[in-house]
Amino acid sequence: MQRSNYWIEPLQSPSPAVSFAANQRFQPAISRAATRLEVHLSRRQAVLYEGNVVVKRYRIGVGRPGWETPIGTFRITQKQRNPTWISPFTQESISPTDPRNPLGGYWIGFWTDGNNWIGFHGTLNAATVGQAASHGCLHMHQQDLQELFTQVNLGTPVEVLQ
C-alpha cells in the first residue's frame, strides 16, 4: 500500500510521482525560527504561527481511511512551484501546465519514507478541501496554497496532530 499518491523525485528514485525539470530547484531559504505550522486533522485545519501568534488558519483536506496523513513533528523539506505529477497507478507524467495535474501550482513537502511523499498541494476537486479524501496529502484551495507557500521556508516545523 502506498502512503501517498504523490512522490517527489528523490535522486535515487526510478519512478517518482512528482518530478522536476533540471532547471527547477527547491527554494534554498531557511525557515525563520518563529514560523511554524500546526495541522489539526480532526478539525481539517492548518494553522500558521509566528511565535505564539496565529497568523492564519487554512481549511485542508486530509488522508482518507487506509491512507491517513501521518501524525508527528516534521519539517518542510521541499518547496516547488509548478510541479510535474506522475500517477502512481499508471506512471503517466502530467506536466505542470496540464489541467489534469492534481497538484496545482505549488507543492510543500514535509514527510517521506524515502519513496513516497506527503505535503500540501492544490486539488482538482475543491470539494475535497475539508474532507478525508486524499492518499495522505493535505489538499488546499489554490489561493490558500499560494499564500502559504510564500509564508513558509525549508525547515519550517510542521506538527501534525489528530
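Residues numbered from 1 in each chain as written. Predicted model: local features only at pLDDT ≥ 70, side-chain atom pairs only at ≥ 80, totals over all residues. Heavy atoms only, no water.

K.L.:
Please explain the packing of aromatic side chains as it appears in this structure.
P.N.:
Aromatic ring pairs: the centre-centre distance and the angle between the two ring planes describe each pair. Considering all chains together, one arrives at three aromatic pairs under this definition. Consider the rings of Phe110 and Phe120, whose centres lie 5.6 Å apart with planes at 50°: the pair is tilted. Here Phe120 lies in strand 11 (residues 117-121) and Phe110 lies in strand 10 (residues 106-112), a separation of 10 residues in the sequence. Overall, Phe110 belongs to the buried group, its relative accessible area being 4%. Each residue in the set Phe74, Phe110 and Phe120 is aromatic and connected to the rest through ring pairs, giving one cluster. Over the ring of Phe149 we find Lys79, and its NZ or CZ is 4.3 Å from the ring centre. (Phe/Tyr/Trp six-rings, centres within 6.5 Å; stacked < 30°, edge-to-face > 60°. Helix = DSSP H or I, 4+ residues; strand = E, 2+ residues; numbered from the N terminus. Buried < 20%, exposed > 50% of the residue type's maximum accessible area, 1.4 Å probe, protein only. Lys NZ or Arg CZ within 6 Å of the ring centre and 35° of its normal.)

K.L.:
Can you help me understand unusual backbone geometry in this one?
P.N.:
Excluding glycine, most residues fall at negative phi; most peptide bonds, likewise, are trans. Residue Asn82 is not a glycine yet carries a positive backbone phi of 50°. Phi is positive for Gln91, close to 65°, though the residue is something other than glycine. Here Gln91 lies in the loop between strand 8 (84-86) and strand 9 (93-94). The exposure class of Gln91 is partly exposed, given its relative accessible area of 40%.

K.L.:
Help me understand the confidence of the model for the protein chain, please; the structure alone is not making it clear to me.
P.N.:
Caution applies to low-pLDDT regions: their predicted coordinates should not be interpreted in detail. When pLDDT is averaged along the protein chain, the result is 83, and 80% of the positions lie at 70 or above. Low confidence marks residues 1-31, where pLDDT is under 50. Its contacts with residues over four positions away, or in another chain, come to 99 contacts. (pLDDT = per-residue confidence, 0-100. Contact = heavy atoms within 4.5 Å.)

K.L.:
Sorry if this is basic, but what is going on with the nonpolar core here?
P.N.:
Inside soluble globular proteins, nonpolar side chains tend to come together where they are buried. Leu37, Val39, Ile108, Phe110, Phe120, Leu138 and Leu148 are the most contacted members of the largest nonpolar core, which totals 31 residues. Among the elements that line this core, the one with the most residues is strand 10, at five residues. (Core = buried A, V, L, I, M, F, W, Y, C linked by side-chain atoms within 4.5 Å.)

K.L.:
How should I be thinking about the sheet that holds strand 2 (residues 35-40) in this particular structure?
P.N.:
Strand pairing within a sheet occurs via backbone hydrogen bonds; the two strands may be parallel or antiparallel. An order of 4-3-2-14-6 is seen for the five strands of this open sheet, with the pairing classed as mixed. Strands with a single pairing partner mark the edges of an open sheet, and in this sheet they are strand 4 (53-59) and strand 6 (72-75). Geometrically, the sheet is characterised by an average inter-axis angle of 20° between neighbouring strands, direction not taken into account. Sheet topology note: the strand 2/strand 3 (residues 45-50) ladder contains six bridges and is antiparallel. Across the sheet, Val39 pairs through a bridge with Ala46, a residue of strand 3. The strands touched by helix 1 (residues 142-151) within the sheet are strand 2, strand 3 and strand 4, with strand 4 carrying the most contacts at an inclination of about 145°. (Pairing = 2+ DSSP bridges. Axes fitted to C-alpha atoms, helices over the stretch in contact; angles between N-to-C directions.)

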